[in-house]
Amino acid sequence: MARDAMTSKAHLSSAVQALADAAPTPFWLDDPARPDALPALVGDETCDLLVVGGGYSGLWTALLAKERDPQRDVVLVEGAEIGWAASGRNGGFCAASLTHGLGNGMARWPDELARLEELGIRNLDAIEDAVARYAIDCDFERTGEIDIATEPHQVAELEEAAEDAARLGLDRHRFLDQDALRAEVDSPTFLAGLWDRDGVAMLNPARLAWGLKRACLDLGVRIYERTRATALASEGMGMAVRTPYGRVFARHVALGTNAFPSLVKRVRPYVVPVYDHALMTEPLSDEQLAAIGWKNRQGLSDSNNHFHYFRITADHRILWGGYDIVYRYGGGVRSEYDQHPATYEKLARHFFRCFPQLEGLRFSHTWGGAIDTCARFSAFFGTAHAGRVAYATGYTGLGVGATRFGADVMLDLLSGERTERTELEMVRSKPLPFPPEPLRWAGIGITQWSMTRADRHGGRRNLWLKAMDKAGLGFDS
């Protein structure tokens, strides 16, 4: 017991030292390539389509709207700067999955999961094509992702997932035993893995957003930054959106506000903002790289309820994030929530437990950001104001890829078309809403405690989690 306490204290000391010089800012946004913000809207504007939100959801919507109809007059307004929120703070995992993984898709839409997987791969292919066509310099690498077992019970779960993938005809999934996994990436904590070899790309998320911004501008989209949309109302046969210094009158409006309160108030109970945090290391030396392998540069995530996600960057740094899911009472989104030192110390300890061969490596950046979580872990869609307004939200951490699909859905809904997307049960259904406070805060707290307990007891889910599963409720990041 005394030896365990000494080891724990040593790990804490090492973690604190490794964090000592880290800059409290998102690594991806700390980039000399970051473009200057465009001027705010002053006065009134008119357009065919107004897009609210300058993250991936809004940018893809504006871009695809112009690709569908180059004559369509499109305006995009962003409350701060393009890509400054979740789109510039995430891990850069661009996944084909539209359902937050096979397991969640199997549980919720088993009859259309094969179709959803096909649409997801087509969506990822289209993102790769757009990156090439618009010459977006975002370090796009289609390396895949490995889900990792770090506890014995998770090995069987990954084997079962591999069998499910095979039954669906998904031949891109490969089960890795411990030796095969550690030949890919070497950690003493790794027991087995499931490698989705083609269904995930790694990229620089902020540069993707900035590249989409440039592509939109080149196609004639008018973008106003530092222009927060404050109110939405019907205006004749169209819509009017108020901003601090003007208004936009539009035939249609697409809302890509995600973790921020929706301008359609009835949508708000379905989404809660939770904070996720990440660390970035300094660049690894050749010797450090050799010590861990990772030559194929896959994205990695472990299989715990409170999971870590990690990947290697173009300049050989390691991004290490996840684990804690931080919800504040009332669900606010505020800049002071971006930093959470207790989580950074925990993440740093976990990092060196995973990669003890990297002891002495330092972290260069720490940051956090809000995720739009919904009870089914994957996006939901809808319209308001007699079909003149569309929304897509609730991506729950997998929006880097799925937002492009969501943009297509919003444009389909605004056009009134019946398409292969709008006919999906996933698109036509909604998650269950979260309860109001204080029940929301209490329920999330109990769920978090139960998830931690399950991780420590061989994955066994208590009565609370079983009841949540039966009701179709969940909480994740």
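Reading the values: rules and limits
Residues numbered from 1 in each chain as written. Predicted model: local features only at pLDDT ≥ 70, side-chain atom pairs only at ≥ 80, totals over all residues. Heavy atoms only, no water. Helix = DSSP H or I, 4+ residues; strand = E, 2+ residues; numbered from the N terminus. Rg over C-alpha atoms; globule rule 2.2 N^0.38 Å. Buried < 20%, exposed > 50% of the residue type's maximum accessible area, 1.4 Å probe, protein only. Contact = heavy atoms within 4.5 Å. Areas by Shrake-Rupley, 256 points an atom, 1.4 Å probe, with all protein chains shown as cover. Lys, Arg positive; Asp, Glu negative; His and termini not counted. Charge placed at Lys NZ, Arg CZ, Asp CG, Glu CD. Expected span 1.5 Å × (residues − 1). Polar contact = N/O pair within 3.5 Å; in protein donor to acceptor, adjacent residues only side chain to side chain. Salt bridge = Lys/Arg side-chain N within 4 Å of Asp/Glu carboxyl O. Pairing = 2+ DSSP bridges. Patch = residues over 30% accessible without salt bridge, like charges linked within 9 Å, V, L, I, M, F, W, Y side chains within 5 Å. Axes fitted to C-alpha atoms, helices over the stretch in contact; angles between N-to-C directions. Parallel < 35°, antiparallel > 145°, perpendicular 65-115°, else oblique. Left-handed = near helix turned anticlockwise from the far one by under 90°. Nonpolar A, V, L, I, M, F, W, Y, C, P; charged D, E, K, R; others polar.

(A) Examining the overall build of the chain more closely. Helix and strand counts for the chain stand at 13 helices and 18 strands. Taken over the C-alpha trace, the chain has a radius of gyration of 22 Å; the compact-globule value for 477 residues is 23 Å, and the two agree within 12%. Scored against the burial criterion, the 477 residues of the chain give a buried share of 56%. At a minimum sequence separation of 6, the contacts of the chain that also span at least 24 residues come to 76%. Counting every atom, the chain has about 19,900 Å² of accessible surface; 52% of that belongs to carbon and sulfur. Computing the positive centroid from 53 side-chain charges and the negative centroid from 63, the chain places the two 6 Å apart.

(B) Local environment of unusual backbone geometry. In this structure, the amide linkage connecting glutamate 437 to the following residue, proline 438, adopts the cis form with an omega of 5°. A positive phi angle is found at histidine 100, which is not glycine, with a value near 60°. Of note, histidine 100 is situated in the loop between strand 3 (93–95) and helix 3 (102–108). Owing to a relative accessible area of 17%, histidine 100 belongs among the buried residues under this scheme. Despite not being glycine, alanine 135 has its phi angle at roughly 50°, a positive value. Its place among the elements puts alanine 135 in the loop between helix 4 (113–133) and strand 4 (145–149). We classify alanine 135 as exposed; its relative accessible area is 55%.

(C) Molecular detail of helix 7 (residues 205–218). Given a rise of 1.5 Å per residue, 14 residues ought to cover 20 Å, and the 20 Å separating the end C-alpha atoms of helix 7 matches this to within 8%. Of all 14 residues that make up helix 7, ten are buried, and the element is covered over most of its length. In this structure, the buried residues of helix 7 make contact with helix 2 (56–68), helix 4 and strand 8 (222–224). Between a side-chain oxygen at the N-terminus of helix 7 and the backbone nitrogen of alanine 206 the separation is 3.3 Å; the capping residue is asparagine 204. Of the residues trailing helix 7, glycine 220 is marked for its positive phi of about 100°.

(D) Fine view of the environment of isoleucine 312. Inspection of the secondary structure assignment puts isoleucine 312 in strand 14 (residues 308–312). Judged by relative accessible area, isoleucine 312 falls into the buried class, the value being 2%. For the pair formed by isoleucine 312 and glutamate 78, sequence separation is 234 residues and the distance between their alpha carbons is 30 Å.

(E) Up close: the side chain of histidine 365. On the secondary structure map, histidine 365 appears in strand 16 (residues 363–373). A distance of 2.8 Å separates a polar atom in the side chain of histidine 365 from a polar atom in the side chain of serine 364. Once residues lying within four places of it in the same chain are set aside, the contact partners of histidine 365 are Ala22, Ala23, Thr25, Pro26, Phe27, Asp30, Ala278, Leu279 and Met280.

(F) Structural context of helix 4. Given a rise of 1.5 Å per residue, 21 residues ought to cover 30 Å, and the 30 Å separating the end C-alpha atoms of helix 4 matches this to within 8%. For helix 4, the full list of buried residues reads Leu113, Leu116, Glu117, Leu119, Gly120, Ile121, Asn123, Leu124, Ala126, Ile127, Ala130 and Val131. Looking at the residues trailing helix 4, positive phi occurs at alanine 135, about 50°.

(G) Seen up close, the pattern of salt bridges. Under the defined criterion, the tally for this structure stands at 34 salt bridges. A salt bridge links glutamate 417 to arginine 68; the shortest N-O distance between them is 4.0 Å. Of the two residues, glutamate 417 sits in the loop between helix 10 (399–415) and helix 11 (425–428) while arginine 68 sits in helix 2, which places them 349 residues apart along the sequence. For the salt bridge of arginine 428 with glutamate 425, the shortest nitrogen-to-oxygen distance reads 3.2 Å. With a gap of three residues between them, arginine 428 and glutamate 425 both fall in helix 11, about one helical turn apart. For arginine 428, a relative accessible area of 52% corresponds to the exposed category.

(H) The arrangement of the side chain of serine 14 in detail. Among the secondary structure elements, serine 14 is positioned in helix 1 (residues 2–19). Other than its neighbours up to four places away in sequence, serine 14 contacts Phe352 and Glu359.

(I) The pairing of strand 17 (residues 380–384), seen in detail. Where burial is concerned, most of strand 17 is hidden: four out of the five residues are buried. The loop that links strand 17 with its antiparallel partner strand 18 (residues 389–393) comprises four residues; one of these, histidine 385, has a positive phi angle of about 50°.

(J) Quick look at the environment of phenylalanine 249. Locating phenylalanine 249 in the fold gives a position in strand 11 (residues 246–255). The sequence separation of phenylalanine 249 and tryptophan 195 amounts to 54 residues, and the corresponding C-alpha distance is 48 Å.

(K) The arrangement of a negative patch on the surface in detail. A cluster of acidic residues, Glu157, Glu159, Glu160 and Glu163, forms a negative patch at the surface. Looking at the secondary structure, you find glutamate 160 in helix 5 (residues 152–167).

(L) Main features of the sheet that holds strand 14. Spatial strand order, 5-6-4-13-14-15-12-16: eight strands in an open sheet with mixed pairing. Each edge of the open sheet carries a strand with a single partner, namely strand 5 (173–176) and strand 16. Direction aside, neighbouring strands of the sheet carry axes that sit 20° apart on average. Here strand 13 (residues 299–302) runs beside strand 14; their pairing, made up of two bridges, is antiparallel. For leucine 300, the partnering residue across the bridge sits in strand 14 and is phenylalanine 310.

(M) How the structure looks around the packing of helix 2 against helix 7. Two numbers describe how helix 2 lies on helix 7: the axes approach to 9 Å, and their chain directions differ by 30°. Of the possible angle classes, the one that applies to helix 2 and helix 7 is roughly parallel. Both helix 2 and helix 7 take part in a crossing whose hand is left-handed. Side by side, helix 2 and helix 7 meet where Tyr56, Leu59, Trp60, Ala62 and Leu63 of the first sit next to Pro205, Ala206, Leu208, Ala209, Leu212, Lys213, Ala215 and Cys216 of the second. Per-class residue counts for the contact of helix 2 with helix 7 are twelve nonpolar, no polar and one charged.

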